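Chain residues, written in single-letter form:
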Amino acid sequence: MATLKSIALVAVVGSLGAGCGKLHGLGGAPTPLVSFDVAVTGTPPAGAGDLDVALVWGRQWLIEPLCIVPIDARDDMTAVTAVKLAGCRDPFGFIPARVAANAPLNPDGTATIDLFALPSADLMVGDLTARVAYASLVVYDDKNGDGTLGLAIPFRPADFGGMGSGAGSGSGSGSGDLFHTPDEVLGASFITMVNDPGGAVIDQRIAYREGAFLTTGFYPRAGCGDPPPAFSVLAASGFTIADAGSATMMGTVPQEADLSQCVQRTPESGPVTFGYGLPADLPLVLSRDVKELACTERTTDSTVRYREPPADMPDLTNRTSACVHYPSFGDPSDVIEFVVSGRSDDSCVGLTHYILKGCREGPDCGTPDWDHSLAPPSWWPC
Amino acid sequence: MRSRLRPVILRCVTRRYATLAFVALGVSASSAYADSGRMIDDDTFALSSHGPYLVDAGLLAGLPAALPSGITTGIGAGLMRECGCRFGYGVRASWSTETASSITWTVTHWDTRLRAVGEVRYDAGRGMLALRLGAGTTIVHEHRVRNQGMRAGLTGSALEDSTTDALPAGELEAVVGLHITGPWLAMISAGPSLEILDGDFRGGWVAQIGVGWQP
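The notes below deal with the structure included here. If you're wondering where the values come from, they're calculated on a predicted model, not measured in any experiment.

### Points about the overall build of chain A
Part 1: The secondary structure content of chain A amounts to four helices and 17 strands.
Part 2: The buried share of chain A, taken over its 382 residues, is 50%.
Part 3: Just so you have it, chain A exposes about 16700 Å², and 56% of that area is on carbon and sulfur atoms.

This is the structure we're talking about:
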């Protein structure tokens, strides 16, 4: 009985002296999965206001054939070149898919981006045993002050056979306009995979790897080491456009131009340093500038969608257009399409394709969904 | 002639088998009565007098002491001493666990309850009713794992952490016991509980079902 009383006494006294550590439960500040230090060098452009840095995961996307195949000799070289310049983005450039995190840029040009979630499965390329995702660190002027980089998609209005509003994958500007973003990209760590003859490293990317690593055509860096498991910072010199062309013809991926610039390191080993704008010597391939890094693409399979020409002539104001032979990697095609670029003041470049006979997938679809080849619309210019 | 004989023969055979069956049952019954190692007898469920000490143990369920939701489950045990015919006192202890998740954390709590208890009781035949008040401490051991942390390569305290805290706590339970056989009871208890977490009172509940032993 005395023992029982002693135990009871200990229990009561214990309750009075309770307290050892702080319980957090499900609350408390979440620990970042990884943090990236960023250092942006140089002077921001005049007029830049609220500068932020965003971590943007990349999309798997293929440029449309018209933008990369040589211009058909039968076509108007000047007009087609103008359309390609106005409507094609860099075929080797980084294509944003989703903004994962944002952080304000300090006056000294530094920032720290904390990432609280892994990239989702749709951002990773590969299967469960070997998959990888890549991201670019983007410095931008947060014009609308919403604290995040708004992504836009190419503008294809309804009278251009577009899907109209609400049918896209862009995050938009926050105002419901998917085709326009007020935010202005000023620079990025990973802009393009093309080598800069001036020596600037413009392929510094964030990588997240699960399982093994397989070299694929998803932002390849052939010749460089594999990204380490989990998060890492990678750098590469980029490849030349000539190497990219020959590798494509051989069905391989182009080798990096300067393997000494290959870097695979942990995020803790130092900041990711990059500057504003584009290097002066960079051979731009069609894209206008780094502003395209605020543009994602609406299609998930990169296929080109073709339109049936409307009865009335579409509004071509502020657009560039040309008649082009249907691009082919084999024998030249006799099909002529009418290609119209987006407006010059659109946030993102893009092309709209009209064919007189065919389907959404193209002119070679078996039974065509429309056929105006015998009676083209009166405005048809080709 | 043959048709008249058949029912008579059938009746005789049936009567003979019935007699044999009764004899067999009687032998079987008498042999069972003579078995001294049987499990149940006339005194098996008799209510006998018992001592002042009651030990019980069983399965426990309740609201976690420091998690916002869920049901913590585990085991509990107690030792009571009857003090007079209406009162009793003793100690109780229980351990239970619950795991909950949010977007960023998976948290496991081990709740160890140590209580000094007093009760008011009423015996009614085989039954025992009591109102039990307990006070003491609930020692909460917390283990948190950062979701996706292992895939992201986190290690050490960035991946998981543990801490222990002791919370002042108590509960008021209704207890029902039923003397089943000999010193054994079936017991069930349930009632509201109260913990002090970060200076705030936090209500909950706890319930237990199990067996008691009162020699």
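On we go.
### Examining the overall build of chain B
Part 1: Looking only at helices and strands, chain B has one helix and eight strands in total.
Part 2: Sequence-ordered secondary structure for chain B, helices as α and strands as β, is α-β-β-β-β-β-β-β-β.
Part 3: Taken across its 215 residues, chain B has 38% of its residues classed as buried.
Part 4: Here the analysis covers contacts within chain B between residues at least 6 apart in sequence; of these, 58% occur between residues at least 24 apart.
Part 5: On chain B, roughly 12100 Å² of surface is accessible, and the fraction owed to carbon and sulfur atoms is 68%.

### Focus on the interface of chain A and chain B
Part 1: The interface is formed by 34 residues belonging to chain A together with 42 residues belonging to chain B.
Part 2: Together, the buried faces of chain A and chain B total about 2800 Å²; carbon and sulfur atoms form 63% of this surface.
Part 3: Counting across the interface, chain A meets chain B through two salt bridges.
Part 4: Between A:K22 and B:D198 there is a salt bridge whose closest N-O contact spans 3.1 Å.
Part 5: There are 10 residue pairs in polar contact (both at pLDDT 80 or more) connecting chain A and chain B.
Part 6: Breaking the side of chain A that touches chain B down by element, the ones donating at least two residues are helix 1 (2-16), strand 8 (203-211) and strand 9 (230-236) of chain A.
Part 7: Here the side of chain A that touches chain B takes eight residues from helix 1 of chain A, the largest share from any one element.

### Quick look at the sheet that holds strand 1 (residues 34-41) of chain A
All names here are of chain A.
Part 1: One open sheet accounts for three strands, arranged 4-1-11; its pairing is mixed. Two strands in the sheet have a free side with no partner beyond their single neighbour: strand 4 (110-115) and strand 11 (272-275). Each strand of the sheet is rotated relative to its neighbour by a mean of 30°, with strand direction disregarded.
Part 2: Pairing of strand 1 with strand 11 involves four bridges; the strand directions are parallel. Note on strand 11: the bridge partner recorded for V40 is F274.

### What about helix 3 (residues 77-87) of chain A?
Residues and elements named next belong to chain A.
Part 1: Within helix 3, burial applies to V80, V83, K84 and G87. One face of helix 3 carries all of its buried residues, which in axial projection span an arc of 95°.
Part 2: Buried residues belonging to helix 3 abut helix 2 (65-68), strand 13 (321-325), strand 14 (336-341) and strand 15 (351-355).
Part 3: Sitting at the amino-terminal end of helix 3 is D76, which places a side-chain oxygen 3.1 Å from the backbone nitrogen of T78.

### Some words on the sheet that holds strand 4 (residues 105-124) of chain B
Part 1: As summarised here, the arrangement of the eight strands in space is 1-2-3-4-5-6-7-8 (chain B), forming a closed barrel in which the pairing is antiparallel. Adjacent strand axes in the sheet meet at a mean angle of 25° when their direction is disregarded.

### Concerning the state of the cysteines
Residue and element names in this part refer to chain A.
Part 1: All told, the structure shown has five disulfides over all chains when counted by the stated rule.
Part 2: Here C67 is linked by a disulfide to C88, with a sulfur-sulfur distance of 1.9 Å. Given an S-S torsion of about -80°, the disulfide between C67 and C88 has left-handed geometry. Taken as a pair, C67 in helix 2 and C88 in the loop between helix 3 and strand 3 (96-104) lie far apart in primary sequence, 21 residues in all.

### Overview of unusual backbone geometry
Where the residue is not glycine, phi is negative for most of them; where a peptide bond is considered, it is trans in most cases.
Part 1: A positive phi angle is found at A:Y219, which is not glycine, with a value near 45°.
Part 2: Considering the arrangement of structural elements, one finds A:Y219 in the loop between strand 8 and strand 9.
Part 3: With relative accessibility at 5%, the residue A:Y219 sits in the buried group.
Part 4: Phi is positive for B:Q148, close to 70°, though the residue is something other than glycine.
Part 5: Tracing the chain through its elements places B:Q148 in the loop between strand 5 (127-146) and strand 6 (160-181).

### What about the environment of B:P215?
All names here are of chain B.
Part 1: Within the secondary structure, P215 sits in the segment after strand 8 (200-213).
Part 2: In the structure, P215 is positioned 160 residues away from V55 in sequence and 9.2 Å away in space, judged by C-alpha atoms.
Part 3: Ignoring any residue separated from it by four or fewer positions in sequence, one finds P215 in contact with H50, G51, Y53 and P183.

### Considering the nonpolar core
Part 1: With 40 residues, the main nonpolar core has A:V56, A:Y134, A:L149, A:V185, A:Y219, A:L293 and A:L351 as its most contacted residues.
Part 2: When residues of this core are assigned to their parent elements, the largest contribution, four residues, is made by strand 6 (residues 130-141) of chain A.
Part 3: Counting 35 residues, the second-largest nonpolar core is a separate cluster that includes A:A97, A:A135, A:L186 and B:L154.

### Re the side chain of A:R265
All names here are of chain A.
Part 1: Structurally, the position occupied by R265 is in strand 10 (residues 263-265).
Part 2: E268 is the oppositely charged side chain nearest to the buried, salt-bridge-free R265, at an N-O distance of 7.9 Å.
Part 3: At a separation of 3.1 Å, a polar atom in the side chain of R265 contacts the side chain of S269.
Part 4: Ignoring anything within four residues of it in the chain, the contact list for R265 reads S232, V233, G270, P271 and V272.

Thresholds, definitions, all that
Residues numbered from 1 in each chain as written. Chains lettered and ligands numbered in written order. Predicted model: local features only at pLDDT ≥ 70, side-chain atom pairs only at ≥ 80, totals over all residues. Heavy atoms only, no water. Helix = DSSP H or I, 4+ residues; strand = E, 2+ residues; numbered from the N terminus. Buried < 20%, exposed > 50% of the residue type's maximum accessible area, 1.4 Å probe, protein only. Areas by Shrake-Rupley, 256 points an atom, 1.4 Å probe, with all protein chains shown as cover. Contact = heavy atoms within 4.5 Å. Buried area = accessible area lost by both parts, 1.4 Å probe. Salt bridge = Lys/Arg side-chain N within 4 Å of Asp/Glu carboxyl O. Polar contact = N/O pair within 3.5 Å; in protein donor to acceptor, adjacent residues only side chain to side chain. Pairing = 2+ DSSP bridges. Axes fitted to C-alpha atoms, helices over the stretch in contact; angles between N-to-C directions. Arc of directions from axis to C-beta. Disulfide = S-S within 2.5 Å. Core = buried A, V, L, I, M, F, W, Y, C linked by side-chain atoms within 4.5 Å. Lys, Arg positive; Asp, Glu negative; His and termini not counted.

This is a description of form; function is not addressed.
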